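Observations on chain architecture
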Amino acid sequence: MSEVLMNREQIMEVIPHRDPFLLIDEVLEMEVGQKIKARKYIKSDDFWFKGHFPQEPVVPGVLMIEMLAQAGAVCILSKEEYKGKIAFFGSIDKAKFRKKVVPNDVLDLEVEIIKVKGPVGVGKAIATVDGKKAVTCEISFAIQ
C-alpha cells in the first residue's frame, strides 16, 4: 500500500473544494505540475447514493470525472505560480465509462498533465478499481 503524501486537510490547502464536494481523500504520489495519483474511498453513505440509485447504488459518472478533475487541480495548483488560484473546467473529451463503481470500492485516480499553454492546460485521466479501468477521459482547464 502506498504512503499518503497529502491528506484531506492538506488537499484543502491547495484547492478550494469543501464538503460535501471535496471528492478526493488522499494524494499518494505527485510530480508537481506533471502527474498525480490520488484516491477516493467510496462509502455507502456518500451523498449521491440516496438518489443514484437507492435500489442499486452506483457512483455517477460525472462525479468520477469531477474526482479526476480535483486530483488534476491539486497537481497543477501545487505549482508555486498558481498558489491561491482556481482551476475551472474547460472541456471534457473522450470520456468512457467502463465499470460500475459501487459502495466500498477504492477509486484510484491518475491524471497526467499533457499540455499547458499559459493558464490553459489538458490532462489525461484514468480512474481504476482494483486495477480495472472505470473511467478514462481528457479534461481541459483554465486557471484563474
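Now for a look at the structure at hand. From a predicted model like this one, the values you see are computed outputs, not experimental measurements.

**Focus: the packing of aromatic side chains**
- By the definition in use, this model includes two aromatic pairs.
- For the ring pair F47 and W48, a centre distance of 4.9 Å and an interplane angle of 75° mean the geometry is edge-to-face.
- Judged by relative accessible area, which is 37%, F47 ranks as partly exposed.
- Residue W48 is classed as buried on the basis of its relative accessible area of 7%.
- Grouped by ring-pair contacts, the aromatic residues F47, W48 and F49 constitute a single cluster.

**Quick look at the layout of surface pockets**
- The calculated volume of the largest pocket comes to roughly 370 Å³.
- Every residue lining the largest pocket is counted, 19 residues in all, and those nearest its centre are E110, E112, K124, A125 and I126.
- Taken together, the elements giving at least two residues each to the lining of the largest pocket come down to β1 (26-31), β2 (35-41), β3 (87-97), β4 (106-117), β5 (120-129) and β6 (132-143).
- No other element matches β6, which puts four residues into the lining of the largest pocket.
- For the lining of the largest pocket, the per-class residue count stands at six nonpolar, one polar and 12 charged.
- Estimates place the volume of the second largest pocket at around 240 Å³.
- Surrounding the second largest pocket, 19 residues form its lining, A69, A73, A87, F88 and F89 being those nearest its centre.
- Elements supplying a minimum of two residues to the lining of the second largest pocket: α2 (61-77), β3, β4 and β6.
- No other element matches α2, which puts seven residues into the lining of the second largest pocket.

**Digging into the side chain of S140**
- Residue position: S140 is located in strand β6.
- Beyond its immediate sequence surroundings of up to four residues, S140 is in contact with F88, F89, G90, S91, G121 and V122.

**Topic: the pattern of salt bridges**
- All chains considered together, the criterion is met by 11 salt bridges.
- One salt bridge in this structure joins D108 and R39, with 2.7 Å as the shortest N-O distance. With D108 in strand β4 and R39 in strand β2, this pair connects stretches of sequence that are 69 residues apart. Judged on exposure class, the residue D108 and its partner R39 are both buried.
- Its salt-bridge partner being K43, residue D46 comes within 3.6 Å of it at the nearest N-O pair.
- Linked through salt bridges whose partners overlap, the residues forming this network are R8, D19, D25 and K40.

What counts and how
- Numbering of residues starts from 1 in every chain and runs along the sequence as written.
- The predicted origin of the model limits local features to residues at a pLDDT of at least 70 and limits the giving and counting of side-chain atom pairs to 80 or more, whereas totals for whole chains, interfaces and linings rest on all residues.
- Each side-chain value is derived from all of the structure's non-hydrogen atoms; neither hydrogens nor water enter the calculation.
- Note on aromatic contacts: the rings of Phe and Tyr and the six-membered ring of Trp form a pair at centre separations within 6.5 Å, being stacked when their planes are under 30 degrees apart, edge-to-face when over 60 apart, and tilted otherwise.
- Note on classification: 1.4 Å probe, protein chains only; a residue is buried when its accessible area is under 20% of the maximum for its type, exposed when over 50%, partly exposed between these limits.
- Grid points spaced at 1 Å over the protein atoms alone were grouped into cavities, where a 1.4 Å probe fits but cannot get out, and pockets, open sets with protein on both sides within 12 Å along at least five of seven lines, with lining residues defined by an atom within 4 Å of a point.
- Grid points are joined across faces, edges and corners, and a volume is the space filled by probe spheres set on the points.
- Numbering goes from the N terminus for both helices and strands, where a helix is a DSSP run of H or I of at least four residues and a strand is a run of E of at least two.
- Gly counts as polar in this scheme, as do all residues outside two lists: the nonpolar Ala, Val, Leu, Ile, Met, Phe, Trp, Tyr, Cys and Pro, and the charged Asp, Glu, Lys and Arg.
- We call two residues contacting when some pair of their heavy atoms lies within 4.5 Å.
- Think of a salt bridge as a Lys or Arg side-chain nitrogen and an Asp or Glu carboxyl oxygen that are within 4 Å of each other.

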